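# Structural description and commentary
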Amino acid sequence: MTARAIRIAFYAPLKAPDHPDPSGDRTVARLLAQALRQTGAEVTIASRFRARLSGNTESEQRRLAAKGHALADKLIAKYRKLPKGKRPQLWFTYHLYYKAVDWIGPRVAAALDIPYVVAEASHAPKRASGPYALSHAAAERAIKQAAAILCLNPADKECLAGIVAKKRLIDLPPFLDMSAFARQRPDRNLARLKLATHYSLDPSLPWLLAVAMMRPGDKLASYEMLAESLRHVKRPYRLLVVGDGAARPQVEHAFHALRAKIVWLGLKPVQELPDIYAAADLLVWPAINEAFGMALLEAQACGCPVIAGASGGVPAIIADGETGWLSAPGDMAAFAADIDFALEHDLAAMRLAARAHALKFHDIGAAAARLEKLVGKLVHP
């Protein structure tokens, strides 16, 4: 049996696929919904309720739980009024962890007696006690209820294996719709000419690229490490920065000593990114506490090698020495040395390897095939 015509209720506690603010989470949520629809399934967004904690108070956790449960009860009543042939046959939640608990899906799935599936769940045993204990326990219950957990980040599997059977942990490598990236094959020379003209760039210099939102926390920490690392790069370069956000003043401050080498491109619509990736010589990103980093995958799909910190699932999408270079997380000296090493070499072969790697292992078609098989098995055992 396949997932064709299967009705799926889709929910992302952190950020809905149609949320106005861009981020990697929104990108992955959109891609998962697109891949499910590519199987022929009927996918509807069940709720846009954002369950992301802003702090660690128990009162906020209880407030989110109460609101989530109330929304779940409304959905249950709504679905029960529908003919059975119109009700969801499977609930699919993307990105579940102690700071973004799914208070809705487990309740609805249990009431309708349908499979509950999670993509990118993470389990943090150290949160079992302390200020996040309530949300941690709820996230753990949801994870245990899941009929299948799709693991986009291989690093999540170790902790998950301690609370669910390993057969329920299904690998799903991060993926892209390559029709917008690798198959488009943007013209590198033309893309460089356009950027050089628009931003008064010297095309004879290597162009480094960073693509990330400017948010407090790990994103800002990565920007700060990148700035510090670039101070030790010996070869000439220009750094193009695509992104914006609340932490922009802190990001600009971090790069103040390098301001003559930085070009701020601001936010860019997704359709403009392939040309920017193709024009750059290297994507450089420390990836502090990064799950896997969609920009790292997008860059490779456009033939741009990557230099990154080997955090989380990053090593699963970059072939070290073939499509880019990885250094130990937080090692600024090694990160800077990788940039210098890369700039000493002709990267033409690596550009081809990066594009081929992304197309072979990280295309939405392969992801849709895995999802079709899984969903069909769960709904029509």
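In the block above lies the structure referred to throughout.
First, a word on scope: everything that follows refers to the structure included in this document.

The rules we used
Residues numbered from 1 in each chain as written. Predicted model: local features only at pLDDT ≥ 70, side-chain atom pairs only at ≥ 80, totals over all residues. Heavy atoms only, no water. Helix = DSSP H or I, 4+ residues; strand = E, 2+ residues; numbered from the N terminus. Rg over C-alpha atoms; globule rule 2.2 N^0.38 Å. Buried < 20%, exposed > 50% of the residue type's maximum accessible area, 1.4 Å probe, protein only. Contact = heavy atoms within 4.5 Å. Pairing = 2+ DSSP bridges. Axes fitted to C-alpha atoms, helices over the stretch in contact; angles between N-to-C directions. Right-handed = clockwise from strand over helix to strand, strands pointing away. Polar contact = N/O pair within 3.5 Å; in protein donor to acceptor, adjacent residues only side chain to side chain. Core = buried A, V, L, I, M, F, W, Y, C linked by side-chain atoms within 4.5 Å. Parallel < 35°, antiparallel > 145°, perpendicular 65-115°, else oblique. Left-handed = near helix turned anticlockwise from the far one by under 90°. Nonpolar A, V, L, I, M, F, W, Y, C, P; charged D, E, K, R; others polar. Salt bridge = Lys/Arg side-chain N within 4 Å of Asp/Glu carboxyl O. Phe/Tyr/Trp six-rings, centres within 6.5 Å; stacked < 30°, edge-to-face > 60°.

Assigned secondary structure in the protein chain consists of 13 helices and 12 strands. In terms of overall dimensions, the protein chain is globule-like: its C-alpha atoms have a radius of gyration of 22 Å, near the 21 Å expected for 381 residues. Taken over the C-alpha atoms alone, the protein chain extends approximately 65 × 45 × 35 Å along its principal axes. Counting across all 381 residues of the protein chain, residues that qualify as buried make up 55%. Considering only contacts within the protein chain whose residues lie at least 6 apart along the sequence, 71% involve residues at least 24 apart.

One open sheet holds the 6 strands; their spatial order is β9-β8-β7-β10-β11-β12, and the pairing between them is parallel. The strands lining the two open edges of the sheet, one partner per strand, are β9 (262-266) and β12 (324-327). In this sheet, neighbouring strand axes are inclined to one another by 25 degrees on average, regardless of whether the strands run parallel or antiparallel. The pairing of strand β7 (residues 207-211) with strand β8 (residues 238-242) spans 5 bridges and is classified as parallel. Following the sheet pairing, V211 is matched in β8 by V242.

On to the pairing of β9, then. In terms of burial, β9 is a largely internal element, 4 of the 5 residues being buried. As paired strands, β8 and β9 are joined by 4 bridges and run parallel to one another. Looking at the pairing, V242 lines up with G266 of β9. The parallel pair β8 and β9 is bridged by helix α8 (residues 248-254), and the resulting crossover is right-handed.

If you trace the backbone, A35 turns up in helix α1 (residues 24-38). A C-alpha to C-alpha distance of 26 Å links A35 and G68, two positions 33 residues apart in sequence. Contacts of A35, omitting those with residues within four sequence positions, involve F175, I364, A368 and L371.

We now examine the side chain of Q300. As for its position among the elements, Q300 is in helix α10 (residues 294-301). With relative accessibility at 0%, the residue Q300 sits in the buried group. There is a polar contact of 3.1 Å between the side chain of Q300 and the backbone oxygen of L296. Here the side chain of Q300 touches I317 through a polar contact of 3.0 Å, landing on its backbone oxygen.

Okay, the nonpolar core next. Grouped together as the largest cluster of nonpolar side chains are 97 residues, with contacts concentrated most on F10, F92, L230, L239 and F255. Those residues in contact with L239 that lie beyond four places of it in its chain are L208, L209, A210, L226, L230, F255, K261, I262, V263 and V284. The next biggest cluster of nonpolar side chains, apart from the first, holds 41 residues, and it includes I76, W91, L112 and A124.

The axes of two packed helices give the description: the angle between them and the distance between them. One way to put it is that α1 packs onto helix α13 (residues 364-379) with a least axis distance of 8 Å and a crossing angle of 65 degrees. By the angle class used here, α1 and α13 are roughly perpendicular. As α1 packs across α13, the resulting crossing turns out to be right-handed. In this structure, α1 uses L31, Q34, A35, L36 and Q38 to contact α13, whose residues at the interface are I364, G365, A368, L371 and V375. For the contact of α1 with α13, a count of residues per class yields 7 nonpolar, 3 polar and no charged.

Glancing now at the pattern of salt bridges. In the structure shown here, the tally under the stated rule is 13 salt bridges. Put simply, R192 and D281 hold a salt bridge, and the shortest N to O gap is 3.2 Å. Placement of the pair is R192 in helix α6 (residues 188-199) and D281 in the loop between α9 (273-279) and β10 (282-285), with a sequence separation of 89 residues. On the basis of relative accessibility, which here comes to 9%, the residue R192 falls in the buried class.

Spatially, the 6 strands line up as an open sheet ordered β2-β1-β3-β4-β5-β6, and their pairing is parallel. The open sheet has two free edges, formed respectively by β2 (42-45) and β6 (169-171), since each of these has just one partner strand. Across the sheet, the axes of successive neighbouring strands diverge by a mean angle of 25 degrees, strand direction being ignored. Direction of pairing for strand β1 (residues 7-11) relative to strand β3 (residues 90-96): parallel, over a ladder of 4 bridges.

In this structure, L14 sits in the loop between β1 and α1. Taking C-alpha positions, L14 is 11 Å from G24, a pair spaced 10 residues apart along the chain. Dropping the residues within four chain positions of it, L14 is found in contact with D25, R50, R52, H95, Y97 and A100.

Quick look at the packing of aromatic side chains now. Following the criterion strictly, the structure yields 8 aromatic pairs and no others. Aromatic pair Y11 and W91: ring centres 6.3 Å apart, planes at 65 degrees, arrangement edge-to-face. Here W91 lies in strand β3 and Y11 lies in strand β1, a separation of 80 residues in the sequence. The class of Y11 is buried, set by a relative accessible area of 0%. Its relative accessible area of 0% is what places W91 among the buried residues.

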